[in-house]
Each structure stands twice: as structure tokens, then as C-alpha cells.
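Examining the three-dimensional arrangement
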Amino acid sequence: MDLLEQALSGQCHEASALAKLYDYDLFVLAKEAHAIRTQMHQDKVFFNTNRHINPSNICTDSCKFCAFSASRKNPNPYEMTQAQILEQISDSYARGIKEVHVVSAHNPHYSYAWYFELFKAIKAEFKDLHLKAMTAAEVHFLSTKFNKPYQEVLEDMLDAGVDSMPGGGAEIFDEKVRKHICAGKVSSTRWLEIHQYWHSLGKMSNATMLFGHVESRENRLDHMLRLKHAQSPQDKVEAKAGGFNAFIPLLYQKDNNFLKVEKSPSAVEILKTIAIARIVLPNIPHIKAYWATLGLNLALVAQEFGADDLDGTIEVEMIQSAGGAKSKKGVGKEDLIYQIKDARFQAIERDSLYNQIQAW
């Protein structure tokens, strides 16, 4: 049995071996990944109508890959008040958003209570809005800064009305790479523990992987395998009662940061990564080709290579665009639908848990 057959049947569990999937022809991988994607989701491409809000860019961490935080490469520090955040959400809510995605820097000035007051205020004013908030890195930051177990932070999030967690802060799980690119950030083990505890509370989350910087292909496969093993049982995931909704390979943006990576991965390398993810992660329902890092055109092409989701309209995108991505102003819903249909897929507006709202 060759390596690809072993991967498809789940019989290969070694990152070093699975990394050799990159040696296969792109279209051989595409054929298998697209078959899995079609079996799971037919010709659907999912998106949601969402708004990203980043309350502050003042951060105690100094991750080398980051162009968003108010380091000396981005000397424009800001902190939003709760009133400003609610006003921004109100504007977007009037335009029909279904989700608000609140992710911030590790700001040393906000109190512990500030976060939970904000979440309660959002849920009080916009009762039917899905609140996706707090990466595992932020949870760990609050846990260490305020000397609270991470379990307590997650329970406080639940009590404050947080509906699901984004997948940020995962970067690459290999600790040697983490030490180089984001020393001091949440460890890979703790990141997984935080998500698994959140899942045990009956809630869903996403998982990301930052690739295209100094990591190896083996590092990527190790990352995927750890997520595969951390996923909840299938019945729980299908019932949306706790687990990972989606895996999101985030393409590293090389501008305005301290990593000094000269070349971005080729389109072939990116598409192979997405196809391999679909093959290796049969227990994670969705693979998201996040258009804010890939660009909309390549994200649409990726739907033929195992991905089934693009993310959403976003409206305002600050983190990837700070690193050079052309995503700052989001994308219009009508344009997104047109582009999906033009690629000969069915455009599906979803809610944050992948329940179908409308099809085009």
C-alpha cells in the first residue's frame, strides 16, 4: 500500500512519513481531497456574514511574525472602549451580520472584568448575534496575568455569553519553532488543553495553523495530527455539542514583521497543504481557505483542492492586512456569492456553526 493509500485509510500516523505526501503530484492529491470534500459537502462553498473587531493592538507579547501589534514596526497603538465596540457592532448589525468575531492583542491595561462586561453587553444588545471571541492565546494570557486557572476563564466566557471560540494562537505546534517565532505565547500543549476543555463545556471552536514561514512540512503534519487526536468524538461534533468545526491553514504574511522570510510559498505548495489537510483530517468537518490570507481568487481555486469554506464578508480586517494582505475592507456579500457561483459551486450562507441559512 503506498503512502497516499495509507493516509486515506488512516493507517499512517507519523508526521515524517506523511510529510512525503508533498512529493505527490498536485492533481493526484487534488483528486483525492476533492472526492472527500464532495462526499462530505457536495458542491457547497460556505461563507458567513460577519464582522471582525480587534479591540486593541497593544500587546505584551512580541511574536516575530506579527505585523498587527503596536511594536516599533507599527507605531500606532490604540485601545477601543466598550462603547466604541458596541457602536461598530451596531453599524454592522444594521447591515445584517450574523456573527461578530472579537479577537484582540494581549493588552496589559484591560481589567479581567472588562472582557466579560463587554461580552455581556454585546449579548444583551444583540441577542441573536453569534459571539465568537477569545483565542486560546488570549485565554492563557488572562489566566496567567490574573492568576486564574484557564478552566475558570473559559467558564466565565461561557457565563458571559461567548458562543464559540476562534482558532487563533495555534501558529505551529512544534515547540522549537514556537520558541523562534512566538516565545512566551501559550504552549502547544496548553492551546490544545484549552480547546478541549471548551469542547467539554459543550461548545465549538476552530483550529488554525500558520504556515509558509520557517516551519518544515513535517512541522505542518505534526500540527495536523495533534489536532486530529484532540478532536471530540464524531457524534459530539455532528451534534455541534463540542469540538472543532473547521481547520484553517493561515498563510503567513511576510511584510512589516521581524521574521525576515523572503519568499512566500508557491500556489502549488499552498494548494497541496490544503489538499493534504483534507486527506489527513477526516474527523474535522470543514477546511477553510481563508480568503483574507490567500486572496479571494486562490481561496476559490482551493475549493477544488479539499476546502469547502471561505470565511465571510469580514467588513474590516486588520491583522492580516497589517502584514500585507489585501483584505482590509472585507468583501461584499453579493460579490462573494457571484464569485462562488462563477466558480461553479453552490454558495451557501451559513451561521457560525455551519447550519445553512440560504443557498444560491
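Residues numbered from 1 in each chain as written. Predicted model: local features only at pLDDT ≥ 70, side-chain atom pairs only at ≥ 80, totals over all residues. Heavy atoms only, no water.

Where an unreviewed UniProt entry is consulted, the protein appears under the name Menaquinone biosynthesis protein, SCO4494 family MqnE, with the organism given as Helicobacter gastrocanis. Among the UniProt annotations of the protein, the heading Cofactor (unreviewed entry) holds the following wording: "[4Fe-4S] cluster". (UniProt positions renumbered as here; feature names shortened; annotations may be inferred.)

A word on the overall build of the protein
Secondary structure assignment for the protein yields 16 helices and eleven strands. A burial count over the protein gives 58% of its 360 residues as buried. Excluding contacts between residues fewer than 6 apart, the proportion of contacts in the protein whose partners are at least 24 apart in sequence is 74%. With the model as given, the accessible surface of the protein reaches about 14,700 Å², and the carbon-plus-sulfur share is 50%. (Helix = DSSP H or I, 4+ residues; strand = E, 2+ residues; numbered from the N terminus. Buried < 20%, exposed > 50% of the residue type's maximum accessible area, 1.4 Å probe, protein only. Contact = heavy atoms within 4.5 Å. Areas by Shrake-Rupley, 256 points an atom, 1.4 Å probe, with all protein chains shown as cover.)

Re the packing of helix α3 (residues 26–41) against helix α12 (residues 267–280)
Closest axis-to-axis distance for the α3/α12 pair is 9 Å, and the angle between their directions is 45°. One way to sum up the angle between α3 and α12 is to call them oblique. You can see that α3 and α12 cross each other, and the crossing is left-handed. Contacts between α3 and α12 involve Leu26, Leu29, Glu32, Ala33, Ile36, Arg37 and Met40 from the first element and Val268, Leu271, Lys272, Ala275, Ile276, Arg278 and Ile279 from the second. Residue classes in the contact of α3 with α12 are distributed as ten nonpolar, no polar and four charged. (Axes fitted to C-alpha atoms, helices over the stretch in contact; angles between N-to-C directions. Parallel < 35°, antiparallel > 145°, perpendicular 65-115°, else oblique. Left-handed = near helix turned anticlockwise from the far one by under 90°. Nonpolar A, V, L, I, M, F, W, Y, C, P; charged D, E, K, R; others polar.)

Remarks on the pattern of salt bridges
Under the counting rule described, the total for this entry stands at 15 salt bridges. For glutamate 349, the salt bridge goes to lysine 98, with nearest N and O atoms at 3.5 Å. One end of the pair, glutamate 349, is in strand β10 (residues 346–350); the other, lysine 98, is in the loop between α4 (82–94) and β3 (99–102), with 251 residues separating them in the sequence. Glutamate 349 gets classed as buried once you look at its relative accessible area, which sits at 1%. Arginine 217 serves as the salt-bridge partner of glutamate 269, at 2.8 Å between the closest nitrogen and oxygen. Here glutamate 269 is found in helix α12, whereas its partner arginine 217 is found in helix α10 (residues 217–230), with 52 residues between them in sequence. Residues joined by salt bridges that share partners form a network here, namely Asp23, Glu215, Arg217, Arg220 and Glu269. (Salt bridge = Lys/Arg side-chain N within 4 Å of Asp/Glu carboxyl O.)

Section: the sheet that holds strand β1 (residues 44–48)
Sheet architecture is open: four strands sit in the order β9-β1-β10-β11, paired in mixed fashion. Each of the sheet's edge strands pairs with one partner strand only, and the pair in question is β9 (309–312) and β11 (356–359). Going across the sheet, the axis of each strand differs from the next one's by a mean of 30°, ignoring polarity. As paired strands, β1 and β9 are joined by two bridges and run parallel to one another. What sits directly across from asparagine 48, in β9, is glycine 312. (Pairing = 2+ DSSP bridges.)

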